[in-house]
Amino acid sequence: MRRDELLDAAECLLQDQGVQALTLSAVAERAGVSKGGLLYHFSSKDALIKGMVERLIAEFDALVEAQHESTYTRAYLAATFEAVETGRLRRWAVVTGAAGDPALLAPLREAMARWHLHGLEDEPDPVASQVVRLACEGVWEVATHSPGIVDYGAVKRRLLGLL
């Protein structure tokens, strides 16, 4: 059983049944492996949650990189709206909700610091770039909890106009 398949099973379990259902036994059963097979990849529930958080970060980094925009902020903006449009935000909400221990979210805090500081000195207007990146955080939050209340196309166009 591959590591990603175990992470997929854990995310599905979280989405379907909530954080209280996230146990190593339940994840192993959902993935169709023995608990020992799961423990080979993840020695504890915390290690499993950390693995999910780290995978989300890596996937978003890849999504930003895939945008091929002229600046990092434009790529970050495009990646954010692609995540909204494809429903990837649900995974973020589910996984970060499972991380009850603030230490499990340390990789996410480090990634956010990197995402919000990366390449600012190369931007035509660093302050406008920071505003756009911060607005993207608001987009993530609203799209996660109340997705139907925003005209995302209009917001994206307005944010691009700030750059």
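Before any of the text, the structure's been laid out above.
Residues numbered from 1 in each chain as written. Predicted model: local features only at pLDDT ≥ 70, side-chain atom pairs only at ≥ 80, totals over all residues. Heavy atoms only, no water.

Q: Give a detailed account of the packing of helix α4 (residues 45-65) against helix α7 (residues 106-117), specifying residues and quantitative values.
A: Two numbers describe how α4 lies on α7: the axes approach to 9 Å, and their chain directions differ by 15°. The angle between α4 and α7 places the two elements in the roughly parallel class. The hand of the α4/α7 crossing is left-handed. Residues K50, V53, E54, I57, F60 and D61 of α4 lie in contact with α7, whose contacting residues are P107, L108, A111, R114 and W115. Residue composition of the contact of α4 with α7, by class: 7 nonpolar, no polar and 4 charged. (Axes fitted to C-alpha atoms, helices over the stretch in contact; angles between N-to-C directions. Helix = DSSP H or I, 4+ residues; strand = E, 2+ residues; numbered from the N terminus. Parallel < 35°, antiparallel > 145°, perpendicular 65-115°, else oblique. Left-handed = near helix turned anticlockwise from the far one by under 90°. Contact = heavy atoms within 4.5 Å. Nonpolar A, V, L, I, M, F, W, Y, C, P; charged D, E, K, R; others polar.)

Q: Summarise the packing of aromatic side chains; cite the residues concerned and give the values.
A: Taken as a whole, this structure holds 5 aromatic pairs when the rule is applied. Aromatic side chains F60 and Y76 sit 5.5 Å apart centroid to centroid with 90° between the ring planes, which places their arrangement in the edge-to-face category. One end of the pair, F60, is in helix α4; the other, Y76, is in helix α5 (residues 72-86), with 16 residues separating them in the sequence. Y76 carries the same exposure label as F60, and that label is buried. Between Y76 and W115, the aromatic rings sit 6.5 Å apart at their centres with planes inclined by 50°, giving tilted as the arrangement. You can see Y76 sitting in helix α5 and its partner W115 sitting in helix α7, a full 39 residues away along the chain. Overall, the relative accessible area of 3% leaves W115 in the buried class. An aromatic cluster is present here, built from F60, Y72, Y76, W115 and W140 joined pairwise through their rings. (Phe/Tyr/Trp six-rings, centres within 6.5 Å; stacked < 30°, edge-to-face > 60°. Buried < 20%, exposed > 50% of the residue type's maximum accessible area, 1.4 Å probe, protein only.)

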